[in-house]
Amino acid sequence: MPHFHASVQVSLRPSVLDPAGEATRAAAGRLGVAGVTRLRIGKAIEVEIEAPDKATAQQQLEFLSERLLANPVIENWTLDLIETAAGPVA
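Residues numbered from 1 in each chain as written. Predicted model: local features only at pLDDT ≥ 70, side-chain atom pairs only at ≥ 80, totals over all residues. Heavy atoms only, no water.

S.K.: Help me understand the pattern of salt bridges in this model?
M.R.: Oppositely charged side chains can pair when the atoms bearing their charge come close. Scanning the model with the defined rule gives 1 salt bridge in all. Note that Arg-25 is salt-bridged to Glu-22, the shortest N-O span being 2.4 Å. With Arg-25 and Glu-22 both in helix α1 (residues 19-30), this residue pair falls 3 residues apart, about one helical turn. Owing to a relative accessible area of 24%, Arg-25 belongs among the partly exposed residues under this scheme. Residue class for Glu-22 comes out partly exposed when judged on its relative accessible area of 40%. (Salt bridge = Lys/Arg side-chain N within 4 Å of Asp/Glu carboxyl O. Helix = DSSP H or I, 4+ residues; strand = E, 2+ residues; numbered from the N terminus. Buried < 20%, exposed > 50% of the residue type's maximum accessible area, 1.4 Å probe, protein only.)

What follows is the structure, encoded as structure tokens:
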């Protein structure tokens, strides 16, 4: 069965406040890094999945992203999917 590698990027919606991002932006200034005007923190999720074809893998990963990996009320997500050689990528 084909193997696929997916990268799901989850970020807060633009209208949602990001206290962790703001605290990190302020800390960058305290460390002497000037000019950081905006900093938002998200999460990156790497998934290896077996599926009969790319369309099925895409469908399953979209379902996971919407229901498990991201909170659709406050987060957006994007998905990059590629077919890999047999077996998981190290």
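Now that the structure has been shown, we can carry on.
S.K.: Before we go on, may I ask you to explain α1 in this structure?
M.R.: Residues lying three or four places apart along an α-helix face the same way, a consequence of the helix completing one turn every 3.6 residues. Under the 1.5 Å per step criterion, the end-to-end length of α1 is 17 Å for 12 residues, consistent within 8% with the ideal 16 Å. Immediately beyond the C-terminal end of α1, within one or two residues, lies Gly-32, with a positive phi of roughly 95°. (Expected span 1.5 Å × (residues − 1).)

S.K.: What's the story with the nonpolar core in this structure? I'm lost.
M.R.: One recurring pattern in soluble globular proteins is that nonpolar side chains are buried together. Counting 14 residues, the largest nonpolar core has Phe-4, Ala-6, Val-8, Ile-45, Ala-57, Leu-61 and Leu-81 as its most contacted members. Of all the elements in the fold, those that place two or more residues in this core are β1 (3-12), β2 (43-50), α2 (54-69) and β3 (75-84). With 4 residues, β1 is the largest single contributor of residues to this core. Setting aside anything within four residues of it in sequence, one finds Leu-81 in contact with Phe-4, His-5, Ala-6, Lys-54, Ala-57, Gln-58 and Leu-61. (Core = buried A, V, L, I, M, F, W, Y, C linked by side-chain atoms within 4.5 Å. Contact = heavy atoms within 4.5 Å.)

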